[in-house]
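Read off the chains here:
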Amino acid sequence: MLIRKAIIDDLDLVTHVEATCFPPAEAAPREAFKERLKYYADYFLIAFDGGTPIGFIDGFVSDDEILTDEMFADASLHNPSGAWQMIFGLNTMPEYRNRGVGGRLIEAFIELAREETRKGVILTCKAEKIPYYAKFGFVNEGESESDHGDAKWYQMRIRL
C-alpha cells in the first residue's frame, strides 16, 4: 500500500471515494473537496493498492480545540501554524475494509501531526466508532455539538 499527499488533480478520485463510503446526507460534495484541496492538500492523504485508490483521510489544522460543523464547510479556516490537526473524514473503499487501510491512514496522519509538532489530533465520530478510534489512543470527550447529517457525533482527541 502506498500513501501519498493529495494534489488538486485528485479531485474526482476523492469525490468518488467519499460518495462510495458515506450516505448522501453525510458525504462532502465535489465543491467542498475542491476547496479542501486548494487550502490544505498537504493534510489530505490517499492510500493506493497499486494504481487503485482505496481510501483517504483529510482534515485541516486549527488553533481551535473543538471540531465544528463550520470547519467542514469552510476550508479557508485552515491555519497551517495551528496547534491541532483535525480529521474531517476517513474513507476506505468497501472492498478494502477490515484490511488495515483505515488504521494505516490514521497512523500516517498522527505521525504527520507529530512531525509538525502539533498538540494532537481531533476528530468526531458516531458512537459505534468510538472503540475503533480508542485503539489508536483517541479519548472520547463526549457528545459533539455537531448535527452533521442529522446524526449524533462524539469528539475524540489524541494528545501528542
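First, a word on what this report is: a plain description of the structure on this page. (Residues numbered from 1 in each chain as written. Predicted model: local features only at pLDDT ≥ 70, side-chain atom pairs only at ≥ 80, totals over all residues. Heavy atoms only, no water.)

### Focus on the packing of aromatic side chains
- Summed over the entire model, instances satisfying the criterion amount to ten aromatic pairs.
- Between Tyr 40 and Phe 88 the ring centres are 6.2 Å apart and the planes differ by 80°, which places this aromatic pair in the edge-to-face class. With a gap of 48 residues between them, Tyr 40 in helix 2 (residues 30-40) and Phe 88 in the loop between strand 5 (84-87) and strand 6 (89-92) connect regions that are remote in the sequence.
- Residue classification places Phe 88 among the buried positions, given a relative accessible area of 11%.
- Pairing Tyr 132 with Tyr 133 gives two aromatic rings, centres 5.2 Å apart and planes at 75°, and the pair type is edge-to-face.
- Tyr 132 gets classed as partly exposed once you look at its relative accessible area, which sits at 27%. (Phe/Tyr/Trp six-rings, centres within 6.5 Å; stacked < 30°, edge-to-face > 60°. Helix = DSSP H or I, 4+ residues; strand = E, 2+ residues; numbered from the N terminus. Buried < 20%, exposed > 50% of the residue type's maximum accessible area, 1.4 Å probe, protein only.)

### Description of the layout of surface pockets
- A volume near 830 Å³ is recorded for the largest pocket.
- Taken together, 38 residues form the lining of the largest pocket, with Phe 22, Leu 90, Asn 91, Lys 129 and Tyr 133 sitting closest to its centre.
- Put simply, the parts of the chain that give the lining of the largest pocket at least two residues each are helix 1 (11-21), helix 2, strand 6, helix 4 (101-115), strand 7 (120-125) and helix 5 (130-134).
- Among the elements that take part in the lining of the largest pocket, strand 6 stands out by supplying four residues, more than any other.
- Of the residues in the lining of the largest pocket, the class split is 19 nonpolar, ten polar and nine charged. (1 Å grid on protein atoms, 1.4 Å probe; cavity = no way out; pocket = protein on both sides within 12 Å on 5 of 7 lines; lining within 4 Å. Points joined across faces, edges and corners; volume = space filled by probe spheres on them. Nonpolar A, V, L, I, M, F, W, Y, C, P; charged D, E, K, R; others polar.)

### Regarding helix 2
- Every buried residue of helix 2 is listed here: Phe 33, Arg 36, Leu 37 and Tyr 40. Taken down its axis, helix 2 places every buried residue within 105° of arc, on the same side.
- Tucked inside the fold, the buried residues of helix 2 contact helix 1, strand 2 (44-49), strand 3 (52-58) and helix 3 (69-73). (Arc of directions from axis to C-beta. Contact = heavy atoms within 4.5 Å.)

### Concerning the sheet that holds strand 2
- Reading across from one edge, 1-2-3-6 is the order of the four strands in this open sheet, with antiparallel pairing throughout. Across the chains shown, the open sheet's two edge strands, defined by having one partner strand only, are strand 1 (2-5) and strand 6. Strand-to-strand, the axes of this sheet are offset by a mean angle of 20°, without reference to chain direction.
- When strand 3 meets strand 6, the two strands line up antiparallel, connected through four bridges. (Pairing = 2+ DSSP bridges. Axes fitted to C-alpha atoms, helices over the stretch in contact; angles between N-to-C directions.)

### Considerations on the sheet that holds strand 4 (residues 61-62)
- If you walk across this open sheet you meet the five strands as 4-5-7-9-8, and the pairing is mixed. Of all the strands in the sheet, the pair left with one neighbour each is strand 4 and strand 8 (139-143).
- As judged from the six bridges shared by strand 7 and strand 9 (residues 154-159), these two strands associate in the antiparallel manner. In the strand pairing of strand 9, Thr 124 is matched with Gln 155.

### Looking at the environment of Asp 49
- The topology assignment puts Asp 49 in strand 2.
- By relative accessible area, which is 38% here, Asp 49 ends up partly exposed.
- Note: C-alpha distance between Asp 49 and Asn 79 (30 residues apart in sequence) is 31 Å.
- Once residues lying within four places of it in the same chain are set aside, the contact partners of Asp 49 are Ile 54 and Tyr 96.
- Engagement of the side chain of Asp 49 in a polar contact is seen with the side chain of Tyr 96, the distance being 2.8 Å. (Polar contact = N/O pair within 3.5 Å; in protein donor to acceptor, adjacent residues only side chain to side chain.)

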